[in-house]
Every structure is written in C-alpha cells, then in structure tokens.
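Secondary and tertiary structure notes
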Protein chains: 2
Amino acid sequence: MAKEGCEMTEETQHMIEKQLSKENEHVESSCDGKEMRVVMLSGFGGLNKLRVTKKAMPEPADGEVKIRVKACGLNFLDLMVRQGIIDSPPKLPVVPGFECCGIVESIGENTEGFEIGDRVMAFVNYNAWAEVVCTSVDFVYKMPDEMSFAEAAAFSLNYVAAYMMLFEVANLREGMSVLVHSAGGSVGQAVAQLCSTVPNVTVFGIASCFKHPSIKNSVTHLFDRNIDYVHEVKVISPEGVDIVLDCLSGENTGKSLSLLKPLGTYILYGASNMVTGETKSFFSFAKSWWQVEKVNPIKLYEENKVIAGFSLLNLLFKQKKCDLVKSVMEKLLGLYNEQKIKPVVDSLWAVEEVKEAMQRIHDRGNIGKLILDVDKPPTPLMASDSTETSEAGEEEEETEGDNDIKERMPFIH
Amino acid sequence: MAKEGCEMTEETQHMIEKQLSKENEHVESSCDGKEMRVVMLSGFGGLNKLRVTKKAMPEPADGEVKIRVKACGLNFLDLMVRQGIIDSPPKLPVVPGFECCGIVESIGENTEGFEIGDRVMAFVNYNAWAEVVCTSVDFVYKMPDEMSFAEAAAFSLNYVAAYMMLFEVANLREGMSVLVHSAGGSVGQAVAQLCSTVPNVTVFGIASCFKHPSIKNSVTHLFDRNIDYVHEVKVISPEGVDIVLDCLSGENTGKSLSLLKPLGTYILYGASNMVTGETKSFFSFAKSWWQVEKVNPIKLYEENKVIAGFSLLNLLFKQKKCDLVKSVMEKLLGLYNEQKIKPVVDSLWAVEEVKEAMQRIHDRGNIGKLILDVDKPPTPLMASDSTETSEAGEEEEETEGDNDIKERMPFIH
C-alpha cells in the first residue's frame, strides 16, 4: 500500500479543494499579484489535512525582505507538525515549512544588506511552502553563485544543524568517531560530509538496507537499522564512539548513551520514532515523552558522559540566536565554495505533490533531501492511477519503507 | 560545636591506637625502612574511623615510581569516601587519598621518563596519604622548579578537573559566562583563575558570606549560598549563563539548568550535598540519588541545553584516559609557568591532624586547598583542648560552617 501510495499522485487533481474552486478560478483569472499559491494545513492529522490554495500576498515589514520562492525544503519535522506531535503546535490553518530559497523581489523599510534580485535562502517560522515569503533579514543568507535553488533548499536547515551539533555542541576534533542514525537522510548525509572535513574521523551510519548501495561511500561503517547496532559498533570499536547523533529518540537514547566513550556526547535532535502511523497524534507523543529514558545526572558523573538536545528552529525562533547561526552559515558557505560539502537532493516535487513527498519521507524512502519545487508542474496522472483509492492509505497505522527509490531529475539550476 | 571541633586537635594524641602501640613502638625503634606511616580508614563513618598507623613499605612494580611523599591533597571526596557515600566504595581497611607530591626515591623496571630525585606530583587510586607512594608513571608528572610541594598537592586534581570541565566538556570561549558553586573551594578557585585566562569571561561565584572578603577579587559577581541565586544571576544576566559547574547536586541541578543560556552546559562534578552530618552514609546517599532531578532528553532538545557529568578519578582509573590527562597537565603547567594560575592553599596539616582537616572541609571552612604535610609535626595540644569531648562532635547531624578561618603558615617551600 505504501509503495503504491508513494507512486500515486494521490488527490493531486483534487488538492485545490472544490469549495475553493470558484474563488481560485477568480484569483487565477484575475492574477493581479495580490494572492499567491500556498500549501495549507487545515488540521492536525493525515495527508488529507493538506491542500494547495491561495492566500493574500504578504508584503515585507520593517527589516524584512520579500522572496519570490523557487524551492522549499521538506523535513521530517514538517510531518510531525502535520500530525500535531510537536511541543508548541502552530495555530491552524497554517502554511507549513521552515526553509526556502528564491529571489529577493522587494525590500521593507530599514532593511540592510540585500538588494532586489539577490538569490537567497531563508529560514521562516512556518509559511515557507508558498510562492512568496517575507522574513526578517536575520534569517536570510545570500546564495553562492554556483549553488542551485534545489541545493539551497537542501542546505540551510540540515547543514546548519549538522555543523552546530558537531562543532558547537560536541566539539568534533581529529581522530574522533561519530555514530549517526538515519545516515541516509538529509541531516545524516550533511553529518557525513562535515565529518570528512576533519582528519581521521570515523563515521558509523545506521540506515535501512536498501539505502546502503547509495550511501556506503559517505560513511566508514554502515549498519542496517534493524540489527543490534550497539553490538556491531562495539565489535569494531570496543571503547565506543565519541559522538552519537540521534533523531529517533525512544529506546535509542539509552542504547546510544551506553555506546559513548568517556567524555563522549549524545545529541538528540529529533524524535521521529514518535511518528508511527499516518494520523497518530497526541497519544503517541505523550507515550514517547514518558517512555524516553530520563537521565540521572549522577550517572553522567560516574561515566563522564554528556547529553545534549539540539533544535535549530527553537534556537532561531524561540531563543533568537540569529547571529550565531549567521556565523555558522558563513563557515558552511566557505566549505561549499571549497567544494568540501554538497547537498544531496533526493527528489523534486511540485507543490501539488506535497502529499506524495510527505508519504515518501514518512516511509523513510528518501536518500538526502526532498524539495518542493515551486515552478514545477505536477506529474501528469498515469492511466493506472486512481484518486479514488488514495484515502485508504491515510488510515494505515504502519507503513513499510518504500524500497523503490523514485528517480526525479532536478530541473532547477 | 563544629567551631570548637575545628580548633580542637581531637584525638590527636590517641590516633595511633592503643592496641597498635606496642607494634608501633617496635617499628619506630627498628626504623628499618620496611614500614611507613599512613592514614588508615578502618570503616565507613565518622572521624573515629581514621587513624595514623604503620604499613609495609611498598616497592615499585614494572612501570612504577616510588615517591617519598612531601604533601597530599585533601578533597571533599575523601570525606565522602570516609562516609562510604560513593558509587564504588573501596575495600577496607584502606589508605585514603588520591593525590600527592614528593621526590622520586626509586624506579621500577621498564619505567621510563623519570629519574631518582625528580620532584613529582601524582594521582593514585587511594593510598596517597602515606609517607611513600608507588604508582604507575601514567599518573605521574614532573613539578616545575618554581612550584612548592604545597602548591603541587593543591594543583593536580583541582586544576585538571577545572580545565577539563571548562575546555574539554564545555568549550569555554571568549565572552562567555560561568557560574560556579563553592567558589571558595579549591576547584572553585581553579575555575576562577582559568576563566581569567580567556578574554572577557564573566564568573558568577556562589560561596558562604564569610569567604566573600577573601575571594571577591577572583570572580566577577559573588553571591551568598543562602540566597536565591537564580534570581540574582538573572537580574544581572537575564539570558542566563553559558556554563554552570555544580559540585553540590540535589536541587541545584534543576535550578542550574534553568539558568543556562541556549547551547549552555551544566556540569555536575560532585555531590557534596549528600554529606550532611558526620556519620550519615547509605541512607542519605540513596535519598540524594533518587531526589536528584532526572533529565528528560526531549526537554534538552526543546531548550537546546547540554548536561554533563565529570569525574576525573573515574576518567583516570576506570576509563584509563591517562594520555588525555597528561596533555591537559602539560597545558596547565604552561599556564603555571606563565604565572597565569597559582594554587590557593588554605592550610597545611600534619598527618596526625587529618581529622581536624577533614572537619574543616566538612564545615566548608576552607578557602582553597587543604594539604596534609607529611613532614609537619602536629600542633601541640593547647591547655584548653580536651580529647574527651571530641567524640561528641562526630554524632552531630548538622554542623554549621566554621566562619573562623584558621591561619596556618605553609612551611614547605
């Protein structure tokens, strides 16, 4: 079912919902630049809570730029937002999305450092999945000339998070070892590349078997996510590892802590294990919260261990560490320009294909980043596809990984 | 009571216990170099479990040096060992003490890097409080020519711990802020000095009021340990601090975490709040263990915080990180030679005065380090002293801080 679901352009033709069609037609026909296409989340739950619709065009306030969006990043966190299993869920309806890139179209008052026509990437606290985004220049960065929009949309969140975890929180140095869960994901691939910028770093990656051929060269040792990785890592490195990066949470916290060397650091940067089925929401969140192993600081004392949490979005939007993130972005763009790092793009999707894209990330089928390409027209329906069957998949409690990697060639350059 | 206790040389004349006196007399008279004076802990509990006695002279094994001890460090941890409130209590009887300094007297086979006559400081896993110590060269470091034995005994454990916490675990950098509990203690003073080697670091110190005149110049802001320090720090720095160093544990863990800035690090390096009365042991240990606030990693994720534990002795003797500690010691000796750091010695005590010294550290009366000076004769009994009353103090549940700082002039140079 899931495999089919990934291939289907489910609901694609119906995403612009019928009750809005008159309004939309009016807007499309008027095309007066006062409205824009967005992905809208109308409630917490399954894929059917998402639709493409129109929304009033924003204009830049003081200190903001208005960006004509070319591409947006799609992250596992967006799926958790859709299900409502995050700490501070947004007010609904909301336009999801935390990162985008595009071209500066206009500039608010008292806004310095950017000009109309600049190619930029930006963080936003929601509202990224739209044709136009306005955001404070605190969260906007100029793109290198060589960087494509697809790369830029795959760059900001994942590389900044990976860099800050490795170098700000954990102090990665020559000769250390890093274990990364979800090594095939977009953060995992960023972590692997950044580790390769430091001499003699050993990377242990954990990923689903079907991803191994594609990512085996990016890490030193690769393990299947279904095996006893604690045992396997200890066979290779009996002392353990210096850094563990965990986006899963749950039982992996205790396992990962047990794998740390003295003075090693465990960093939790996500809780994707909270997502099981398609529509699970509060119950699985609460269960995961309580099931996660609490850590006794005295145990850390006895074992000389460090445990950290990292959320780039909270750092940016709750804790206002824009200057720090900007300095990290500068270092990262330096590494990009030196061709030491390069974002891995899994696939590009039309805005109208956001559900299929989300299903793919839910099924953990991606290798690298999923991108919403704002200018891309949706893939035409195949004769075998049927929008009538698509709803069934949304009630599935458990979906298996999609082992069939969909090839989509980037066409943004 | 405590104040009296600190002034009394309680039991000093009786420390060499009567049942051993014949044997001791024999040994003293023979003085054949086959035995040495040591402090012995015969059971877990109050001060009366300690006595000075004789023990067979050790000889250096392969890779060891034999050190004629000049001075030993006395730490709060020694008090916890005496009470048995540590994770892995030693087998009894045991000679306490984890650090000493002195002169290399002989060298075992296959031992490189040291010569007879070298002035050295050393870590040992117990057995430091003795006239002679044998230990692996992994734990031995040459003393700078300018360093006195009193300074050396005050140097190794506290400065290495302070340095590793600030620079290995927490990555202290320019412009950061550090909160240190027990700022008047020997680790606290080492922390303050090491912070001053980095530009523009703000140090918030917490200490008993009576220590403030002596240590106020070593930190930026100083607070009484009985006030609401969370509030006071936030008045000065609403954002909080970058690093908290906590040797108390208990309720301070939650308070300290709440004071951390985003990406800030809380380090627990002791649990001195476990020590209340003179003889409390397992019950208060278990109580403190369970009362300490467990930390949910998901909370760390939401708040971008880091929590760490640090135990130098576990790092050295359980986790065998001798090379790392050696490299840290080299950096520290560089700073000492540049006169950027200098150990603060609170007082020197004869071996026979170990109980009074321990009472002083229990009462948190010290500013800087307490030293056992092996060559120092015990202070003669004053006419007003009475060994008959000394036992009473040992049953006290709570003792107040000793505000009367005892002046003892160092005579080791």
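Above this text you will find the structure in question.
Summary of the structure given here. The structure presented is a predicted model; accordingly, all values stated were derived computationally and were not measured.

Let's shift gears to the overall build of chain A. Scanning chain A from N- to C-terminus turns up 15 helices and 15 strands. By the burial criterion, 63% of the 413 residues in chain A qualify as buried. Contacts in chain A between residues far apart in sequence, at least 24 positions, make up 74% of those at least 6 positions apart. In the form shown here, chain A has an accessible surface area of approximately 16,300 Å², with 51% of it arising from carbon and sulfur atoms.

Before going further, it helps to examine the relation of the copies chain A and chain B. After a rotation of 180° and a shift along the axis of 0.0 Å, chain A superposes on chain B with an RMSD of 0.0 Å. Overall, the copies show the geometry of a two-fold rotation axis. A shared interface surface links the copies, since 100% of the contact residues of chain A are contact residues in chain B too.

We now examine the packing of helix α8 (residues 229–236) of chain A against helix α9 (residues 252–259) of chain A. All names here are of chain A. Orientation of α8 relative to α9, taken along the N-to-C sense of each, is 10°, at an axis distance of 10 Å. Compared by their axis directions, α8 and α9 come out roughly parallel. Side by side, α8 and α9 meet where Tyr 229, Val 230, Val 233 and Lys 234 of the first sit next to Asn 252, Lys 255, Ser 256, Ser 258 and Leu 259 of the second. Here the residues of the contact of α8 with α9 are counted per class, giving four nonpolar, three polar and two charged.

Turning our attention to the environment of Ser 258 of chain B. All names here are of chain B. On the secondary structure map, Ser 258 appears in helix α9 (residues 252–258). Overall, Ser 258 belongs to the partly exposed group, its relative accessible area being 34%. On a C-alpha basis, the gap between Ser 258 and Val 52 in space is 46 Å, while along the polypeptide they are 206 residues apart. Beyond its immediate chain neighbours, meaning those up to four positions away, Ser 258 contacts Val 230, Lys 234 and Lys 305.

Residue and element names in this part refer to chain B. Judged by how many residues are buried, strand β14 (residues 345–350) sits mostly within the fold: five of six residues are covered. Of the strand pairs in this sheet, β14 and strand β15 (residues 369–373) are connected by five bridges, and their pairing is parallel. Within β15, the position partnered with Leu 348 by the bridge is Ile 371. Once you follow β14 into helix α14 (residues 354–362) and on to β15, the crossover reads as right-handed.

What follows is about the sheet that holds strand β10 (residues 221–224) of chain A. Ordered by their spatial adjacency, 12 strands build an open sheet running β10(A)-β9(A)-β8(A)-β11(A)-β12(A)-β13(A)-β13(B)-β12(B)-β11(B)-β8(B)-β9(B)-β10(B), and the pairing between neighbours is mixed. The sheet is open, and its two edges are formed by β10 of chain A together with β10 (221–224) of chain B, each paired on a single side. Averaged over all pairs of adjacent strands, the angle between their axes in this sheet comes to 15°, without regard to strand direction. Sheet analysis places strand β11 (residues 241–246) of chain A next to strand β12 (residues 260–268) of chain A, joined by five bridges and oriented parallel. Bridge pairing in β12 of chain A links Val 244 of chain A to Tyr 266 of chain A. Contacts from α9 of chain A reach β8 (177–180), β11, β12 and β13 (306–309) of chain A, with the element oriented near 150° to β12 of chain A.

Once that is clear, we can look at the side chain of Lys 355 of chain B. Examined against the element boundaries, Lys 355 of chain B turns out to sit in helix α14. The buried category is assigned to Lys 355 of chain B, whose relative accessible area is 1%.

Our next topic: the packing of helix α5 (residues 156–169) of chain A against helix α6 (residues 186–195) of chain A. All names here are of chain A. It is the contact of α5 with α6, at a shortest axis distance of 9 Å, that shows an interaxial angle of 50°. Comparing their axes, α6 and α5 come out oblique. Judged by the sense of rotation from one axis to the other, the crossing of α5 with α6 is right-handed. Here Asn 158, Tyr 159, Ala 162, Tyr 163, Met 165, Leu 166 and Phe 167 of α5 lie close against α6, whose contacting residues are Ser 186, Val 187, Ala 190, Val 191, Gln 193, Leu 194 and Cys 195.

Moving on, we come to the interface of chain A and chain B. How big an interface is tends to be stated in terms of the accessible area lost upon association of its parts. With 44 residues of chain A at the interface, the matching set in chain B holds 44 residues. Interface area, chain A with chain B, both sides summed: about 3,700 Å², of which 61% is carbon and sulfur. When the shortest N-O distance is used, the salt bridge between Lys 321 of chain B and Glu 239 of chain A registers 3.6 Å. Seen at the junction of chain A and chain B, the total is 12 residue pairs in polar contact (both at pLDDT 80 or more). At seven residues, helix α11 (residues 297–303) of chain A tops the list of elements feeding residues into the side of chain A that touches chain B. Within the side of chain A that touches chain B, the residues separate by chemical class into 22 nonpolar, 11 polar and 11 charged.

Our next topic: α14 of chain B. In terms of burial, α14 of chain B is largely enclosed, as nine of its nine residues are buried. Following α14 of chain B by one or two positions, Arg 364 of chain B adopts a phi angle in the positive range, close to 55°.

Once that is clear, we can look at the layout of surface pockets. All names here are of chain B. Taken as a whole, the second largest pocket holds about 890 Å³ of empty space. What lines the second largest pocket is a set of 43 residues, and nearest its centre among them are Phe 76, Ser 182, Cys 247, Tyr 269 and Ser 272. Looking at the lining of the second largest pocket, its residues break down into 21 nonpolar, 16 polar and six charged.

On to the nonpolar core. Of all hydrophobic cores here, the largest spans 233 residues; its most connected members are Phe 310 and Leu 312 of chain A together with Leu 312 of chain B. Those residues in contact with Leu 312 of chain A that lie beyond four places of it in its chain are Phe 123, Leu 157, Val 160, Ala 161, Met 164 and Val 325 of chain A. If you look at the next biggest cluster of nonpolar residues, it comprises 38 residues, including Val 244 and Leu 268 of chain A together with Leu 257 and Tyr 266 of chain B.

Here the focus is the pattern of salt bridges. Applying the stated criterion to the full structure yields 32 salt bridges over all chains. Residues participating in the shared-partner salt-bridge network are Glu 59, Lys 66, Arg 68 and Glu 105 of chain A.

The next subject is the packing of aromatic side chains. All names here are of chain A. Across all of its chains, the model carries 14 aromatic pairs over all chains by this definition. Ring geometry for Phe 155 and Tyr 159: centres 4.8 Å apart, planes at 15°, overall stacked. According to the relative accessible area criterion, Phe 155 is buried, its value standing at 0%. A relative accessible area of 2% means that Tyr 159 is categorised as buried.

Residue and element names in this part refer to chain A. Counting across every chain of the model gives zero disulfides over all chains. The structure places no disulfide on Cys 195, whose sulfur is separated from the nearest cysteine sulfur, that of Cys 247, by 14 Å. Classification of Cys 195 as buried rests on a relative accessible area of 1%. Looking at Cys 247, the relative accessible area reads 12%, which means it is buried.

Rules used in this analysis
Residues numbered from 1 in each chain as written. Chains lettered and ligands numbered in written order. Predicted model: local features only at pLDDT ≥ 70, side-chain atom pairs only at ≥ 80, totals over all residues. Heavy atoms only, no water. Helix = DSSP H or I, 4+ residues; strand = E, 2+ residues; numbered from the N terminus. Buried < 20%, exposed > 50% of the residue type's maximum accessible area, 1.4 Å probe, protein only. Contact = heavy atoms within 4.5 Å. Areas by Shrake-Rupley, 256 points an atom, 1.4 Å probe, with all protein chains shown as cover. Least-squares fit on C-alpha atoms with pLDDT ≥ 70 in both. Axes fitted to C-alpha atoms, helices over the stretch in contact; angles between N-to-C directions. Parallel < 35°, antiparallel > 145°, perpendicular 65-115°, else oblique. Nonpolar A, V, L, I, M, F, W, Y, C, P; charged D, E, K, R; others polar. Pairing = 2+ DSSP bridges. Right-handed = clockwise from strand over helix to strand, strands pointing away. Left-handed = near helix turned anticlockwise from the far one by under 90°. Buried area = accessible area lost by both parts, 1.4 Å probe. Salt bridge = Lys/Arg side-chain N within 4 Å of Asp/Glu carboxyl O. Polar contact = N/O pair within 3.5 Å; in protein donor to acceptor, adjacent residues only side chain to side chain. 1 Å grid on protein atoms, 1.4 Å probe; cavity = no way out; pocket = protein on both sides within 12 Å on 5 of 7 lines; lining within 4 Å. Points joined across faces, edges and corners; volume = space filled by probe spheres on them. Core = buried A, V, L, I, M, F, W, Y, C linked by side-chain atoms within 4.5 Å. Phe/Tyr/Trp six-rings, centres within 6.5 Å; stacked < 30°, edge-to-face > 60°. Disulfide = S-S within 2.5 Å.

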